[in-house]
Amino acid sequence: MLFNKDFMLGAATAAHQVEGNNVGSDYWIMENLEHSVFVEKSGSAVDHYNRYEEDIDLLKKAGLNAYRFSIEWARIEPVEGQWNEKEMEHYIKVIDYCLANGIEPVVTYHHFSSPAWLITKGGWESPDVVRYFERYAKYVTEHVAGKVKYVCTINEANMRLQMAFLIKDITERMSKQSEIQNQEGSVQVGVNLSQNQSQMMMSMMETAKAFNIDDPRKVANFVSQASEEGDLLVMKAHNAARNAIKAVDSSIQVGLTLSLHDIQCVDGGEENAKKAWDDEFTHYLPYIEKDDFLGVQCYTRKIFDANGANSTLETGPKTQMGYEDYPMGIVNVVRRCAEEFKGAIIVTENGIATSDDERRCEFIKEALTGLNDCITEGIKLKGYFAWSLLDNFEWQKGFSMTFGLISVDRNTMERTPKNSLKVLGSFIEA
Ligand code: BGC
């Protein structure tokens with residue numbers, strides 16, 4: 001069972017997670033706060049900024065034919081309206097290096113981190129974000145047109161809404177915990193909870209101050225919780241960027257990516273499951289139906305019963321991230337998306353955080369076998385990108401989550417390909 005040569009088989013990274021020294025970004029500021037909620041700082045990350053040639057060489061050597069990476073807005077426009085040509089040239093070099101090596105570059109224009117100045121201006125809750133993003137997309141496209149065939153405007157465009165649901169859920173659970181705590185007088189839980197809460201409060205206050213915003217609840221990073229309007233602003237920014245990209249070069253294939261769960265239910269959970277899928281996916285359809293492709297990203301499943309998502313119904317082992325190791329998730333989600341989205345589908349991310357690389361190999365085999373069946377069934381699946389090419393900076397959780405096909409010694413920055421890199425590469429016709 002092999003994918004043919006036209007299929008894009010590759011691995012993905014995101015600028016902030018691998019490049020290092022993303023000093024103009026909102027993340028850099030948040031990581032460096034006194035009471036930061038990040039377990040560690042990104043620092044020089046895995047120095048991909050300087051070592052991209054070596055990393056692309058390793059990807060190529062394993063037989064992969066595509067590389068998904070992101071351009072960092074904070075580098076290109078470090079000050080509002082001022083373009084950094086030198087940084088643009090850097091990304092052109094990365095793209096040219098891919099092309100010279102027969103690797104298809106799939107370029108993301110926004111992957112979670114934003115320029116710090118954008119956040120001071122209201123970030124992703126201000127309607128201005130639409131024209132700012134459109135202007136940036138136009139600038140970048142003018143430089144990459146003729147070289148890049150696939151652009152993902154925004155990574156996990158539904159992440160802001162997912163954060164809103166997550167925070168609501170945590171708040172509800174915390175209030176229940178404090179009820180329990182008050183009833184039972186559990187010091188242990190109380191200390192942990194109050195420490196976390198006060199750390200979070202301090203961090204929120206410091207974040208607001210750093211971005212010159214009076215009310216901490218109004219800080220709108222890409223991964224802070226969205227209001228309903230904020231959720232739709234992301235779609236408007238995507239639509240404006242898509243039009244700007246197409247106006248420069250109509251041949252570029254444009255899409256966004258979504259973070260999706262394989263939503264399942266037991267008896268009684270049907271309505272909750274339907275609502276969850278609608279929140280994650282269906283309500284975005286009117287904004288993406290003109291897109292050339294949809295980037296699908298799935299890491300696990302969620303099982304709903306009559307009370308909501310119920311993780312006790314999951315049967316598989318957990319990954320380092322704490323959610324279920326469930327390789328068929330991506331396969332089920334691709335089938336489901338294909339029923340409702342009529343363009344092409346690209347799996348822009350899928351993978352597992354584990355220190356057991358043999359398990360990663362099995363995960364890849366299971367997922368790719370299922371995805372190959374999808375193609376046989378007639379689904380327009382154009383590519384698969386494993387997350388991630390390199391072990392990297394997993395946002396708040398730091399460097400301890402190992403999703404990579406290549407490990408990196410951060411003292412020497414030495415790269416060591418894992419067996420899973422070879423296994424992934426073995427799935428494409430030579
Ligand atoms: C994000 C990546 C992240 C990965 C693993 C995706 O949600 O796009 O930036 O590292 O999941 O958690």
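About the cut-offs
- Residues numbered from 1 in each chain as written.
- Predicted model: local features only at pLDDT ≥ 70, side-chain atom pairs only at ≥ 80, totals over all residues.
- Heavy atoms only, no water.
- UniProt positions renumbered as here; feature names shortened; annotations may be inferred.
- pLDDT = per-residue confidence, 0-100.
- Contact = heavy atoms within 4.5 Å.
- Pairing = 2+ DSSP bridges.
- Helix = DSSP H or I, 4+ residues; strand = E, 2+ residues; numbered from the N terminus.
- Axes fitted to C-alpha atoms, helices over the stretch in contact; angles between N-to-C directions.
- Patch = residues over 30% accessible without salt bridge, like charges linked within 9 Å, V, L, I, M, F, W, Y side chains within 5 Å.
- Areas by Shrake-Rupley, 256 points an atom, 1.4 Å probe, with all protein chains shown as cover.
- Salt bridge = Lys/Arg side-chain N within 4 Å of Asp/Glu carboxyl O.
- Buried < 20%, exposed > 50% of the residue type's maximum accessible area, 1.4 Å probe, protein only.
- Parallel < 35°, antiparallel > 145°, perpendicular 65-115°, else oblique.
- Left-handed = near helix turned anticlockwise from the far one by under 90°.
- Nonpolar A, V, L, I, M, F, W, Y, C, P; charged D, E, K, R; others polar.

Under the annotation held in an unreviewed UniProt entry, the chain carries the name Beta-glucosidase and is attributed to Pseudobutyrivibrio ruminis. UniProt annotates the chain under Sequence similarities (unreviewed entry) with the comment "Belongs to the glycosyl hydrolase 1 family."

The share of residues in the chain with pLDDT of 70 or more is 95%, and the mean pLDDT across the chain is 94. This stretch, residues 180-195, has a pLDDT under 50; its non-local contacts, to residues over four places away or in other chains, come to seven contacts.

What follows concerns the sheet that holds strand E2 (residues 66-70). What the nine strands build is an open sheet, ordered E5-E4-E3-E2-E1-E12-E11-E8-E6; its pairing is parallel. Whereas interior strands pair on both sides, the edge strands pair on one side only; in this sheet they are strand E5 (253-255) and strand E6 (257-259). On average, each strand axis in the sheet is inclined to that of its neighbour by 25°, with strand direction left out of account. Both E6 and strand E8 (residues 293-297) contribute to a ladder of three bridges, which runs parallel. Within E8, the position partnered with Leu-258 by the bridge is Val-296. Sitting on the sheet, helix H7 (residues 128-144) is in contact with strand E3 (104-110) and strand E4 (150-154), with an inclination near 155° to E3.

Looking now at a nonpolar patch on the surface. Residues Leu-166, Ile-167 and Ile-170 make up a contiguous nonpolar surface patch of roughly 210 Å² in combined accessible area. Positionally, Ile-167 belongs in helix H8 (residues 159-184).

The next thing to look at is the pairing of E2. Most of E2 is tucked away, with five of its five residues classed as buried. Judged from the three bridges that link them, strand E1 (residues 8-12) and E2 form a sheet pairing that is parallel. Bridging across to E2, Ala-12 finds its partner in Arg-68. Sheet topology note: the E2/E3 ladder contains five bridges and is parallel. Bridged to Ala-66 within E3 is Glu-104.

Attention now goes to the packing of H7 against helix H10 (residues 228-248). Closest axis-to-axis distance for the H7/H10 pair is 8 Å, and the angle between their directions is 30°. By the angle class used here, H7 and H10 are roughly parallel. Our pair here, H7 against H10, has a crossing hand that is right-handed. Across the interface between the two elements, Val-129, Val-130, Phe-133, Glu-134, Ala-137, Lys-138, Thr-141 and Glu-142 from H7 touch Leu-233, Lys-236, Ala-237, Ala-240, Ala-241, Ala-244, Ile-245 and Val-248 from H10. Among the residues making up the contact of H7 with H10, the classes are represented as eleven nonpolar, one polar and four charged.

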